[in-house]
Amino acid sequence: MWSAPYDLSIDSARADALFASALQISDEPSAVQVMQAIDAATSTLGDLGCAAKVAQEFGEHPETAVTRMRWARAEVAGVFGHPGSDPGYAPRHARPSAACPAPRLPRDLISRPQGRHVLQAC
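Calculation rules
Residues numbered from 1 in each chain as written. Predicted model: local features only at pLDDT ≥ 70, side-chain atom pairs only at ≥ 80, totals over all residues. Heavy atoms only, no water. Helix = DSSP H or I, 4+ residues; strand = E, 2+ residues; numbered from the N terminus. Buried < 20%, exposed > 50% of the residue type's maximum accessible area, 1.4 Å probe, protein only. Contact = heavy atoms within 4.5 Å. Expected span 1.5 Å × (residues − 1). Arc of directions from axis to C-beta. pLDDT = per-residue confidence, 0-100.

Trainee: Talk me through the overall build of the chain; I want residue IDs and the actual numbers.
Mentor: Along its length, the chain carries four helices and zero strands. Its helices and strands in sequence order give the chain the pattern α-α-α-α, from N to C terminus. Buried positions account for 28% of the 122 residues belonging to the chain. Restricting the contact set of the chain to residue pairs at least 6 apart, pairs at least 24 apart contribute 69%.

Following this line, the structure appears as C-alpha cells:
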C-alpha cells in the first residue's frame, strides 16, 4: 500500500500545531492568538506530537478534521503569508540546512535519559 505524500514545509508544521491546539474556529482568533496557540502546541506536543494528533483526529473524526485543517491552513496563510507570495519561499527540500529549524520533541521526552531521539529537520 502506498502512503500519501506529506508536505514538510514550515507552514504545514504550523498548520498541524494550530490544528492540535485548543484554539477553536468559533473563537475567531487574532493573528497574535494564532501565533500563541501554535507556540503553545509545539512547546507542549512537539512537531511530531502535533502531526500525531492530526493523524489521530483524521482517523477518528475525518469529517470534522477536514474542516479544522482547512481552517488551520487558511489561518497560517493569513498570519504568516501565503508561500507563493513570499519571494524568499522555497520548498523545504531546496532550503539549505542552516535555514531549516530542527523539530522540537515534546517536553516529557527531552529529559528522558533512556535513549537518544534523532530527528532530521530537512
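Once the structure has been displayed, the description carries forward.
Trainee: So what's going on with helix α3 (residues 62-80)? Which residues, and what values?
Mentor: Helix length check: α3 (19 residues) gives 26 Å between terminal C-alpha atoms against 27 Å at 1.5 Å per residue, within 8%. Three or more residues of α3 are buried, namely Ala65, Arg68, Met69, Trp71, Ala72 and Val76. For α3, the buried positions fall inside an angular range of 165° around the axis, keeping them on one side. Residues of α3 that are exposed and angled more than 90 degrees away from the buried face: Glu63, Arg70 and Gly78. For α3, the secondary structure elements touched by its buried residues are α1 (10-20) and α2 (31-60). Gly81 lies just past α3 and shows a positive phi near 90°.

Trainee: Give me the lowdown on the confidence of the model for the chain, citing residues and values where you can.
Mentor: Mean pLDDT over the chain works out to 77, with 60% of the residues at or above the 70 mark. Taken together, the stretch residues 84-99 has pLDDT below 50 and engages in twelve contacts with residues farther than four places along the chain or on a different chain. Predicted confidence is poor over residues 115-122, with pLDDT under 50, and the contacts of this stretch with residues over four places away or in other chains come to 14 contacts.

Trainee: Outline the environment of Met69, supporting the account with residue identities and numerical values.
Mentor: Among the secondary structure elements, Met69 is positioned in helix α3. Met69 sits in the buried class, given a relative accessible area of 11%. The sequence separation of Met69 and Phe58 amounts to eleven residues, and the corresponding C-alpha distance is 9.5 Å. Beyond its immediate stretch of four places on either side in the chain, Met69 contacts Ala15, Asp16, Phe19, Val54 and Phe58.

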